[in-house]
Amino acid sequence: MLKEYRTVREVAGPLMLVEGVEGAKYGELVEIEAREGDQRRGRVLEVSGDHALVQLFEGSAGINLGQAKVRFLGRGIELAVAPDILGGVYDGLGRPRGNTPRLVAERRMDINGLPINPWARDYPNEFIQTGISTIDGLNTLVRGQKLPVFSGAGLPHAQIAAQIARQAKVLGAEEKFAVVFGAMGITFEEANFFMEDFRATGALERSVLFINLANDPAIERIATPRMALTCAEYLAYDLDMHVLVILSDMTNYCEALREVSAARREVPGRRGYPGYLYTDLATIYERAGRIKERKGSITLIPILTMPEDDLTHPIPDLTGYITEGQIILSRELHRKGIYPPVNVLPSLSRLKDKGIGPGKTREDHADTMNQLYAAYARGKEAKELAVILGEAALSETDKLFAKFADAFEDRYVRQGPREDRSIDQTLDLGWELLAMLPRAELKRIRDEFLAKYLPTPADSTAAQ
Amino acid sequence: MSVGGRIVKVSGPLVVAEGLPEARMYDVVRVSEAGLIGEIIEVRGDRVSIQVYEETAGLGPGEPVVTTGEPLSVELAPGLVESIFDGIQRPLNVIRERHGDRIQRGVDATPLDRTRRWLFAPRVKAGDQVVPGDILGTVQETKIVEHRILVPPGVSGRVVEAAAGEFTITDPVAVVERADGSRVEVAMLQRWPVRKGRPVAEKLAPTEPLLTGQRIIDTFFPVAKGGTACVPGPFGSGKTVVQHQLAKWPDADLIVYVGCGERGNEMTDVLMEFPELRDPKSGEPLMKRTVLIANTSDMPVAAREASIYTGITIAEYFRDMGYSVALMADSTSRWAEALREMSGRLEEMPGEEGYPAYLGSRLAEFYERAGKAKVLGSDGRLGALTVVGAVSPPGGDLSEPVTQNTLRVVKVFWGLDANLAYRRHFPAINWLISYSLYVDQVDAFLREQYGEEAVGLRQEAMALLQEEASLEEIVRLVGVDALSAADRLTLEAARSVREDFLHQNAFHEVDTYTSLEKQIRLLGAVLAWYREAKEALAAGAALEKLLKLPVREAIARARYLPEHDAEAFARLRAEIASQVAAVREEGEVVA
């Protein structure tokens, strides 16, 4: 029988101080009975002598210092897992939600996981075709990568994430595939959009959803991504599945973390976020990856909304330093009515070089990718210049580049939410657009590829 | 050697313990039954604060703490090269074999293999007098690294015995008799505390460039052997690719790569790629001269703080053998953040942005361990340790404390620029803000090796790029038409310098490395076109025709020419001359 304490001395914000505790351990799970039938959970943040500082996941409303009973469970926070977890919908702390049945646990896993030994990691290099040209062609996603979507309020990040979840496949492979969705503080509508989309495509049976909505307890969100990733690790390494994890919205997660940090009166880092935000985020993101001699993999797509579209805000900034690239959405393209509004120039996939090329996509992929980037960047510059000085001020070549930039946005970036382009279609489209430019300007492409793939002027006029 | 203490407080990686009266600052302690490794970072009365290098979840008051009475040290002996260690020198490959894919807690593994036998060839014989730093003998550790076994500090006298043969690192390989008649058995294995720099006989000023095969670095902003450099840049600007390139291609004898709080997959990348890539000098796999220290961002934060010291101590050890060693630390910002986190938990008064007030002095101390030196030993060997630190400024803002404190001590600044990266101009080193304070020393070297022309090329190209920057201001205001033909030629030439010379593709098999010799030829060709076109323009040739010369495409592709094909470049130069001359004649006829 666990010892019960009625020695809560202080409750402030999401924190609670318990005195006279024996044998409390750092990080252990705590059960609080605020009154009869009101069970809550918490986690030990600090132990000092016989004092334990506890973080309350479900908030402190209604806790009475005299009445509350506290039990220290002697273990960390765990997630019960079993193959039946697939198809389930759980809350942010892993309890069944709606009509999901209670799981008969095969085993329980600590949600904090353990760091992967770098020596055990296998380098991600299997190309995932998402059917979205701006990702496949320019910011290639590979299995085991962590590639976030940096979005802003009102941008269609949910649609893009759902499209990736729907279309993602590894060419020439039939393998067990699952989606784990972790929602932190998003609205019912957004969560519902994902559920409906998964349901419509029949993906729900091979999905697990952990849902903490905007009106659910904010501190609970700190556990949600870890729940989702623990579940993903179970599916990937116990059941040999390839798992795609979508976490939305990491901004809400970071805010919950800030709330706890502020309540503890810690020295803040930038913008009030705790100094350990980088380390904390890393322990989430780094759980993606591949491990040698294991069949499964975890590919992670966290979504975050940048406050004021500010890329230098600590959340996108620290995320970008940990993840293997980023897909940035552009409000400007969105206003132009272009879907998906991927801001190509600052977007990046760091692992693309290992996932493309002969045998994976096509031999000309790397060169055309570099060339498309360089040409689009030059075209955008020319267009900016033309705004100030008028088109007449551009040189002939720059005019061509400006025209190229427009065509690129209109044909390459733009596609339908249900349009699933194969990698060959994407690459050929790239060549078609590059044919608009003088051959001498295509410096980043090797001669042999120019000779083999560049459409002749006759082809390209026909195509236009 | 140890008296038991007890934990009284646990707060993240910080543990406070009581009852360790013999505790000294920076001593290593073992925490709890699991034996987690920690280091004492504060002593206050009876209470000591310990930073624990492993995850502390599950620890609580009352658990035991014992001190080992020794500071954090590394093991130095054959077996270092080709290894991968964590921040406190535990071998990650051994840990995986024993404990699986994840790093468990309280894992204990000796850094170096105690059972492997190395073929030791003595360089001294009985009767020789030796002093600390003298080479006792050598072990061919890998095909390219000859591991020199040195007389340890504090040992000098007459060699009584030095045996050839196969030994483990703990077997004695020599016996030295001191002046007082006492005898010391010397084994290959030595230990050194990581926070203390290894001594040298004399520090010297760096003179030679560290050639990296990266054009913008070698030609424009060189770093000297024994120098210090930093690479700050926002995320996505290619810091890590630059660091990897620097770890791959420099003409150093040994590379120590410290992955400090960075991505796990980046270390995997190094682990997979380095055994495949070949050193241009020796033709052997790069891994055969590399030591890796990996403390990835998901590994415990306190060990991150230790990792760069572990790395630099290993690097100093190889420098002491008389080698040129290069150390890459990616990224020092993560190290500083670990410092900040511990400082915050100690409730120290914060300096700027929450960093401790001693951030600047810690950084300076670290970089000052670099240098060229006459190392210990009676033969006057020279060694050099070059340190390159990546910095990850939040939001790309260079005014933040880590960047600023780093710039105060390093001599080379390679400023990465997100805008260049967006245009896929790599390496995205901004030529207008970067600098190298080794230019004068390196110029002297260039002059000696390649003649005056080589020195002039850089100045000419740099002037061209500066001019481009000011001309672009004008273009932005009034358009390109307002420029004279000569200015437009300048713009084109600057573009050619950027695109045909500075831009370098790290993933292209030829372009990834360019020898200094080829760099000079390549830049020579780019500038030859400019000079001759300028003269032709003055003589009345048409600008449009000069810009559209077919030879310009050949210049753009010259970077893919083979390394030592001097003739190809000579043909290119001849072609430039003849094509420009043809346009010039046309112009003169019209005029």
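Residues numbered from 1 in each chain as written. Chains lettered and ligands numbered in written order. Predicted model: local features only at pLDDT ≥ 70, side-chain atom pairs only at ≥ 80, totals over all residues. Heavy atoms only, no water.

**Things to note about the overall build of chain A**
Thinking step 1. A count of helices and strands for chain A gives 14 helices and 22 strands.
Thinking step 2. Taking the principal axes of the C-alpha coordinates as reference, chain A spans close to 85 × 50 × 40 Å.
Thinking step 3. The 464 residues of chain A split such that 62% are buried.
Thinking step 4. For chain A, long-range pairs separated by at least 24 residues make up 73% of all intrachain contacts whose partners lie at least 6 apart in sequence.
Thinking step 5. Just so you have it, chain A exposes about 16900 Å², and 50% of that area is on carbon and sulfur atoms.
Thinking step 6. Positive and negative side-chain charges in chain A, numbering 58 and 66 respectively, have mean positions lying 2 Å apart. (Helix = DSSP H or I, 4+ residues; strand = E, 2+ residues; numbered from the N terminus. Buried < 20%, exposed > 50% of the residue type's maximum accessible area, 1.4 Å probe, protein only. Contact = heavy atoms within 4.5 Å. Areas by Shrake-Rupley, 256 points an atom, 1.4 Å probe, with all protein chains shown as cover. Lys, Arg positive; Asp, Glu negative; His and termini not counted. Charge placed at Lys NZ, Arg CZ, Asp CG, Glu CD.)

**What to know about the pattern of salt bridges**
Residue and element names in this part refer to chain A.
Thinking step 1. Per the stated rule, a full pass over the model turns up 107 salt bridges over all chains.
Thinking step 2. For the salt bridge of Arg71 with Glu31, the shortest nitrogen-to-oxygen distance reads 3.0 Å. Of this pair, Arg71 sits in strand S7 (residues 69–72) while Glu31 sits in strand S4 (residues 29–33); the two residues are 40 residues apart in sequence, bridging distant segments of the chain.
Thinking step 3. For Arg270, the salt bridge is made with Asp317, and the minimal N-O distance between the two is 3.4 Å. (Salt bridge = Lys/Arg side-chain N within 4 Å of Asp/Glu carboxyl O.)

**Remarks on the interface of chain B and chain A**
One frequently used descriptor of interface size is the decrease in accessible area upon assembly of the parts.
Thinking step 1. Each partner contributes residues to the interface: chain B has 79 residues there, and chain A has 78 residues.
Thinking step 2. Both sides of the chain B and chain A interface together cover about 6700 Å² of buried area, and 52% of this is carbon and sulfur.
Thinking step 3. Among the residues of chain B in contact with chain A, Arg102, Phe235 and Arg424 of chain B are the three that bury the most area, contributing 13% of the side total.
Thinking step 4. Seen at the junction of chain B and chain A, the total is twelve salt bridges.
Thinking step 5. A salt bridge links Lys25 of chain A to Glu63 of chain B; its shortest N-O distance comes to 3.2 Å.
Thinking step 6. Of all elements in the fold, only strand S1 (5–11), helix H1 (92–99), helix H4 (264–273), helix H5 (301–320), helix H6 (332–345), helix H11 (452–478), helix H12 (485–502) and helix H15 (551–557) of chain B reach the threshold of two or more residues within the side of chain B that touches chain A.
Thinking step 7. Per-element tally for the side of chain B that touches chain A: the top contributor is H4 of chain B, with eight residues.
Thinking step 8. Looking at the side of chain B that touches chain A, its residues break down into 28 nonpolar, 22 polar and 29 charged.
Thinking step 9. By the bridge criterion, two bridges tie strand S5 (residues 39–48) of chain A to S1 of chain B in an arrangement that is antiparallel. The residue bridging Ser48 of chain A from the neighbouring strand is Lys9 of chain B, located in S1 of chain B. (Buried area = accessible area lost by both parts, 1.4 Å probe. Nonpolar A, V, L, I, M, F, W, Y, C, P; charged D, E, K, R; others polar. Pairing = 2+ DSSP bridges.)

**A look at the packing of helix H11 (residues 396–413) of chain A against helix H12 (residues 423–434) of chain A**
Residue and element names in this part refer to chain A.
Thinking step 1. Between H11 and H12, the least distance of the axes is 10 Å, while the angle of their chain directions is 160 degrees. What the angle tells us is that H11 and H12 run roughly antiparallel. Both H11 and H12 take part in a crossing whose hand is right-handed. Contacts between H11 and H12 involve Phe404, Ala407, Phe408, Arg411 and Tyr412 from the former and Thr426, Leu429, Gly430, Glu432, Leu433 and Leu434 from the latter.
Thinking step 2. Considered class by class, the residues forming the contact of H11 with H12 number seven nonpolar, two polar and two charged. (Axes fitted to C-alpha atoms, helices over the stretch in contact; angles between N-to-C directions. Parallel < 35°, antiparallel > 145°, perpendicular 65-115°, else oblique. Left-handed = near helix turned anticlockwise from the far one by under 90°.)

**Overview of the nonpolar core**
Thinking step 1. Counting 79 residues, the largest nonpolar core has Phe220, Trp414, Trp529 and Leu546 of chain B as the members making the most contacts within it.
Thinking step 2. Not counting the four nearest positions on each side in its chain, Phe220 of chain B is found in contact with Arg215, Val439, Arg458, Ala461, Met462, Leu465, Phe501, Leu502 and Leu523 of chain B. (Core = buried A, V, L, I, M, F, W, Y, C linked by side-chain atoms within 4.5 Å.)

**Digging into the side chain of Gln243 of chain B**
Residue and element names in this part refer to chain B.
Thinking step 1. Locating Gln243 in the fold gives a position in helix H3 (residues 239–248).
Thinking step 2. On the accessibility criterion, Gln243 (0% relative accessible area) is buried.
Thinking step 3. Once you skip the residues sitting within four places of it in the chain, Gln243 turns out to touch Tyr257, Met328, Ala329, Asp330, Val388, Gly389 and Ala390.

**Thoughts on the packing of aromatic side chains**
By convention here, two paired aromatic rings are described through the distance between centres and the angle between planes.
Thinking step 1. The full count for this structure, using the stated rule, is 21 aromatic pairs over all chains.
Thinking step 2. Geometrically, the ring pair formed by Phe220 of chain B and Phe501 of chain B is tilted, given 6.2 Å between the ring centres and 40 degrees between the ring planes. Separated by 281 residues along the polypeptide, Phe220 of chain B in helix H2 (residues 215–220) and Phe501 of chain B in helix H12 bring together distant segments of the chain.
Thinking step 3. One aromatic cluster in this structure is built from Phe181, Phe193, Phe194 and Phe198 of chain A.
Thinking step 4. When the ring centre of Tyr273 of chain A is taken as reference, the NZ or CZ atom of Arg258 of chain A above it lies at 4.2 Å.
Thinking step 5. Of note, Arg116 of chain B hangs over the ring of Trp118 of chain B, and the distance from its end group to the ring centre comes to 3.9 Å. (Phe/Tyr/Trp six-rings, centres within 6.5 Å; stacked < 30°, edge-to-face > 60°. Lys NZ or Arg CZ within 6 Å of the ring centre and 35° of its normal.)

**Looking at the environment of Gln449 of chain B**
Thinking step 1. Its location among the elements puts Gln449 of chain B in helix H10 (residues 439–450).
Thinking step 2. Residues Gln449 of chain B and Glu517 of chain B, 68 residues apart in the sequence, show an inter-C-alpha distance of 9.6 Å.

**Comments concerning the sheet that holds strand S12 (residues 146–150) of chain B**
Residue and element names in this part refer to chain B.
Thinking step 1. What the four strands build is an open sheet, ordered S12-S11-S9-S14; its pairing is antiparallel. Edge positions in the sheet fall to S12 and strand S14 (165–167), since each of these pairs with one other strand and no more. Each strand of the sheet is rotated relative to its neighbour by a mean of 40 degrees, with strand direction disregarded.
Thinking step 2. In this sheet, strand S11 (residues 135–140) lies alongside strand S9 (residues 118–122) in antiparallel orientation, the contact comprising three bridges. What sits directly across from Pro122, in S11, is Gly137.

**Some details on the domain arrangement of chain A**
Residue and element names in this part refer to chain A.
Thinking step 1. Per the domain assignment, the segments of chain A are domain 1 (4–76), domain 2 (79–354) and domain 3 (365–463).
Thinking step 2. A straight line from the C-alpha centre of domain 2 to that of domain 3 covers 32 Å.
Thinking step 3. Where domain 2 abuts domain 3, roughly 2200 Å² becomes buried across the two surfaces, and 54% of that area is made up of carbon and sulfur atoms.
Thinking step 4. Considering only the surface of domain 2 that becomes buried against domain 3, Ser133, Leu138 and Leu345 emerge as the three largest contributors, covering 26% of it.
Thinking step 5. There are three salt bridges connecting domain 2 and domain 3.
Thinking step 6. For Glu409, the salt bridge is made with Lys336, and the minimal N-O distance between the two is 2.8 Å.
Thinking step 7. For the pair domain 2 and domain 3, the interface holds 19 residue pairs in polar contact (both at pLDDT 80 or more).
Thinking step 8. Within the residue set of the side of domain 2 that touches domain 3, elements represented by two or more residues are strand S12 (127–129), helix H1 (133–138), helix H2 (157–167), helix H8 (331–335) and helix H9 (352–355).
Thinking step 9. It is H1 that contributes the most residues to the side of domain 2 that touches domain 3, five residues altogether.
Thinking step 10. Of the residues belonging to the side of domain 2 that touches domain 3, the class tally is eleven nonpolar, twelve polar and eight charged. (Domains from an automatic or database assignment. Polar contact = N/O pair within 3.5 Å; in protein donor to acceptor, adjacent residues only side chain to side chain.)

**Observations concerning the environment of Tyr373 of chain A**
Thinking step 1. Mapping Tyr373 of chain A onto the fold places it in helix H10 (residues 365–389).
Thinking step 2. Along the backbone, Tyr373 of chain A and Leu329 of chain A are 44 residues apart, and their C-alpha atoms lie at a distance of 16 Å.
Thinking step 3. Those residues in contact with Tyr373 of chain A that lie beyond four places of it in its chain are Leu138, Asn139, Val344, Leu345 and Ser347 of chain A together with Tyr422 and Arg424 of chain B.
Thinking step 4. In terms of polar contacts, Tyr373 of chain A uses its side chain to reach the side chain of Asn139 of chain A, at 2.9 Å.
Thinking step 5. A distance of 3.4 Å separates a polar side-chain atom of Tyr373 of chain A from the backbone oxygen of Ser347 of chain A.

**Some words on the pairing of strand S17 (residues 207–213) of chain A**
Looking along a regular strand, one sees side chains alternate from face to face of the sheet.
All names here are of chain A.
Thinking step 1. Here S17 lies mainly inside the structure; seven of its seven residues are buried.
Thinking step 2. The pairing of strand S9 (residues 89–91) with S17 spans three bridges and is classified as parallel. By the bridge assignment for S17, Asp91 is matched with Ile211.
Thinking step 3. Where strand S16 (residues 177–186) meets S17, seven bridges bridge the pair, whose relative direction is parallel. Following the sheet pairing, Gly182 is matched in S17 by Phe210.
Thinking step 4. Once the chain exits S16 it traverses helix H3 (residues 188–200) before rejoining the sheet at S17, and the crossover so formed is right-handed. (Right-handed = clockwise from strand over helix to strand, strands pointing away.)

**A closer look at the sheet that holds strand S16 (residues 183–187) of chain B**
Backbone-to-backbone hydrogen bonds pair the strands of a sheet. The strands run either parallel or antiparallel.
Residues and elements named next belong to chain B.
Thinking step 1. With antiparallel pairing, four strands are arranged side by side in an open sheet as S10-S13-S15-S16. Whereas interior strands pair on both sides, the edge strands pair on one side only; in this sheet they are strand S10 (129–130) and S16.
Thinking step 2. Note: strand S15 (residues 172–177) against S16, five bridges, orientation antiparallel. When the sheet's bridge partners are listed, Val176 is paired in S16 with Val184.

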